[in-house]
Amino acid sequence: MATLAPDSSTLDKPRHWSEGNPTDADLAHIPGEAGWPLVGNTFKMLADPHGFAKGMVEKYGPVYKNMAFGGWNVALVGADANELLLFDRGKNFSSEQGWGPVLDQLFPRGLMLLDFDHHRADRRALSIAFKPEPMRHYCDALNRGIADRAAQWSDQELQFWPVIKQLTLDLAADSFIGIPWGPEADQINTAFIDMVQASVAPVRKPLPFTKMKRGVDGRAFLVDFFTKETHKRRETGGGQDMFSQFATATREDGSLLPVDEVVDHMNFLMMAAHDTITSSATSMMFQFAKNPEWQEKVRQEILAVTGGLDAGGNPRPLSYDDLGKLELTDMFFKETLRLIPPVPSMPRRALREFEYGGYRIPAGQLVGINIHYVHHSEEYWDSPETFDPMRFTPDKVKTRHKYAWTPFGGGAHMCIGLHFAYMQIKILAAQVLSRYRVEMEEGYKPKWQPWPIPMPKDGLKVSFKSL
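As a further point, take the overall build of the chain. Per the secondary structure count, the chain includes 16 helices and 14 strands. In terms of C-alpha radius of gyration, the chain reaches 22 Å, essentially the compact-globule figure of 23 Å for 467 residues. Taking the principal axes of the C-alpha coordinates as reference, the chain spans close to 70 × 55 × 45 Å. Expressed as a percentage of contacts within the chain between residues at least 6 apart in sequence, the contacts between residues at least 24 apart total 74%. For the chain, the accessible area works out to roughly 20,800 Å², and carbon and sulfur atoms hold 55% of it. A distance of 1 Å separates the average location of the 52 positive side-chain charges in the chain from that of its 58 negative side-chain charges.

Below, the structure is given as structure tokens:
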């Protein structure tokens with residue numbers, strides 16, 4: 001399906017993402033559309049990215065070019081394309097140069113913006129933060145934090161997105177950074193939100209009063225904070241929180257990561273965890289309310305595992321050792337991520353010329369896969385718009401293309417925090433469903449902002465009715 005041209009390697013000559021883009025003539029043989037002068041298809045994509053992609057595939061097939069955001073992008077659509085770019089057997093695609101145009105001003109040198117040996121070395125060093133001992137610490141902190149907040153939702157209708165967004169930030173201050181909720185955590189949260197909003201702002205220069213200026217200022221604040229804290233935690237040994245683990249992480253030769261790299265990794269992982277977990281948790285709550293019969297099945301599994309309420313009438317914590325027992329909850333969440341993946345598409349940049357689907361794609365070209373399209377494709381899923389967690393029984397998973405479901409990416413860049421995400425989501429489900437029945441008004445159909453991170457435009461109105 002895909003081959004590499006052996007005489008056109010640029011693998012040993014890494015370039016900045018803005019240098020050496022292929023010309024129009026280099027891409028003339030690839031079908032696609034340039035769109036309107038100057039803006040290309042940018043506004044059409046933003047208005048309906050999933051509909052736009054569907055129309056392009058129907059018109060041009062699973063390989064097409066598209067002019068948007070100031071340059072040509074070549075879309076490679078399908079599970080085979082997902083495997084080609086994500087598994088990347090030959091180290092032919094740069095994640096750093098793919099994400100660079102969006103993230104390198106605000107989140108440079110995060111794991112997603114590193115390639116090959118540098119990525120592998122830093123990932124191995126940072127993986128200490130996701131070993132069983134610190135994960136048990138996070139589990140206890142998540143149980144406490146989510147239980148305290150969920151207790152406040154009794155018999156209320158809430159806009160769930162802003163509620164879970166704030167809770168996720170507060171949990172990150174506790175589990176990730178190890179600081180108590182309060183003014184300092186609020187300051188960090190504000191700076192962090194400004195950075196995230198700036199990363200997708202249309203104005204890419206930090207001009208006064210723009211999102212990018214607020215984002216750059218927010219980054220400066222967090223760089224200063226995390227730099228001082230890294231030195232402090234190296235002196236004291238830190239604690240079990242994620243940041244302390246990063247601050248004291250070592251490479252294979254025993255050397256500590258440079259302080260500025262610790263800071264960049266922390267900034268990036270806060271961003272990656274916060275927005276994706278917020279989106280995923282909101283999508284899960286939507287599916288609980290939309291599918292009450294499945295909500296009840298998941299509730300019964302949770303009650304059987306945790307033992308239900310304690311003597312004081314409060315849900316028992318979900319222990320770290322019991323996380324793996326929630327098999328149906330796991331399948332429910334996976335189906336939620338299939339329908340609404342928190343990262344709908346992923347970019348890369350080709351370091352070598354390659355062939356895919358009968359087309360030659362030149363070195364230096366920005367390419368991308370469409371996770372959302374593949375998750376909704378009849379080629380891989382029966383009745384793909386129907387919610388059915390039973391798609392994720394072990395037998396069905398075995399018979400499906402391994403890269404037909406990729407909400408956490410894949411290959412070397414698979415999300416390092418995916419087990420943390422599963423843990424937080426399962427604890428949230430346990431605390432909510434042990435207390436409440438999650439409901440929506442009859443006929444309510446929230447509209448979703450589909451890109452870059454899916455979110456309900458009205459915040460998702462759901463009610464928490466006490467059991």
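Attention now moves to the nonpolar core. The biggest cluster of nonpolar side chains holds 125 residues, and the ones touching the most others in it are L76, W153, I177, F420, L428 and F464. Apart from residues lying up to four places away in sequence, L428 is in contact with I146, W153, F160, I164, A281, M284 and M285. Formed by seven residues, the second largest nonpolar core is a distinct cluster that contains F52, A53, M56 and Y64.

The sheet built from three strands is open, its strands ordered β6-β14-β11 with antiparallel pairing. In this open sheet, the two strands that pair with only one neighbour each are β6 (156-159) and β11 (436-439). Each strand axis lies, on average, 30° off the axis of its neighbour in the sheet, ignoring direction. Judged from the four bridges that link them, β11 and strand β14 (residues 461-466) form a sheet pairing that is antiparallel. If you follow R437 over to β14, its bridge partner there is K465. Across the sheet, helix α16 (residues 418-435) lies against β11 and β14, angled at about 100° from β11, the strand it touches most.

With that out of the way, let us pick up the pairing of strand β4 (residues 71-76). As judged from the six bridges shared by strand β3 (residues 63-68) and β4, these two strands associate in the antiparallel manner. For N66, the partnering residue across the bridge sits in β4 and is N73. In textbook terms, the turn of a hairpin is the stretch between consecutive antiparallel strands, and for β3 and β4 this stretch comprises two residues, one of which, F69, has a positive phi near 55°. Pairing analysis gives three bridges linking β4 to strand β10 (residues 366-370), with the strands arranged parallel. Pairing of L76 across the sheet is with I369, part of β10.

What follows concerns the sheet that holds β4. Read from one edge of the open sheet, six strands run β2-β3-β4-β10-β7-β5, paired in mixed fashion. Only two strands of the sheet have a single neighbouring strand rather than two, namely β2 (32-33) and β5 (93-94). With respect to the sheet, helix α2 (residues 49-60) is in contact with β2, β3 and β10, its orientation differing from that of β3 by roughly 135°.

Residue position: D115 is located in the loop between α4 (95-103) and α5 (116-126). Within the buried set, D115 has no salt-bridge partner at all; the shortest N-O distance to an opposite charge, 6.4 Å, is to R348. Separated by 3.3 Å, the side chain of D115 and the backbone nitrogen of E96 make a polar contact. Look past the residues within four positions of D115 in its chain and what remains in contact with it is S94, S95, E96, Q97 and H413.

So, on to the pairing of β14. Two strands pair when backbone bridges link them, and β6 and β14 are joined in this way by four bridges, in the antiparallel orientation. By the bridge assignment, Q156 is partnered in β14 with F464.

A few words on the packing of aromatic side chains. According to the stated counting rule, one finds 18 aromatic pairs in the structure shown. Relative to W448, the ring of F286 lies with its centre 5.6 Å away and its plane at 65°, an arrangement referred to as edge-to-face. Of this pair, F286 sits in helix α11 (residues 259-290) while W448 sits in strand β12 (residues 448-449); the two residues are 162 residues apart in sequence, bridging distant segments of the chain. Take F286 and W448: they sit in the same class, and that class is buried. Look at W405 and F408: their rings are 6.4 Å apart centre to centre, the planes differ by 70°, and that puts the pair in the edge-to-face class.

On the surface, a nonpolar cluster with roughly 570 Å² of combined accessible area is contributed by W36, F43, L46, F69 and W451. Here F43 is to be found in helix α1 (residues 42-47).

Another point: the confidence of the model for the chain. Looking at the chain as a whole, the pLDDT averages 92, with 96% of positions reaching at least 70. Every residue in residues 4-14 is under pLDDT 50, and counting partners more than four places away or in other chains gives 22 contacts.

Bringing the packing of α11 against α16 into the picture now. Between α11 and α16, the least distance of the axes is 11 Å, while the angle of their chain directions is 35°. When the axes of α11 and α16 are compared, the crossing they make is right-handed. Contact residues: I277, S280, A281, M284, M285 and F288 in α11; F420, A421, Q424, I425, L428, A429, V432 and L433 in α16. Split by residue class, the contact of α11 with α16 holds 12 nonpolar, two polar and no charged.

Thresholds, definitions, all that
- Residues numbered from 1 in each chain as written.
- Predicted model: local features only at pLDDT ≥ 70, side-chain atom pairs only at ≥ 80, totals over all residues.
- Heavy atoms only, no water.
- Helix = DSSP H or I, 4+ residues; strand = E, 2+ residues; numbered from the N terminus.
- Rg over C-alpha atoms; globule rule 2.2 N^0.38 Å.
- Contact = heavy atoms within 4.5 Å.
- Areas by Shrake-Rupley, 256 points an atom, 1.4 Å probe, with all protein chains shown as cover.
- Lys, Arg positive; Asp, Glu negative; His and termini not counted.
- Charge placed at Lys NZ, Arg CZ, Asp CG, Glu CD.
- Core = buried A, V, L, I, M, F, W, Y, C linked by side-chain atoms within 4.5 Å.
- Buried < 20%, exposed > 50% of the residue type's maximum accessible area, 1.4 Å probe, protein only.
- Pairing = 2+ DSSP bridges.
- Axes fitted to C-alpha atoms, helices over the stretch in contact; angles between N-to-C directions.
- Salt bridge = Lys/Arg side-chain N within 4 Å of Asp/Glu carboxyl O.
- Polar contact = N/O pair within 3.5 Å; in protein donor to acceptor, adjacent residues only side chain to side chain.
- Phe/Tyr/Trp six-rings, centres within 6.5 Å; stacked < 30°, edge-to-face > 60°.
- Patch = residues over 30% accessible without salt bridge, like charges linked within 9 Å, V, L, I, M, F, W, Y side chains within 5 Å.
- pLDDT = per-residue confidence, 0-100.
- Left-handed = near helix turned anticlockwise from the far one by under 90°.
- Nonpolar A, V, L, I, M, F, W, Y, C, P; charged D, E, K, R; others polar.

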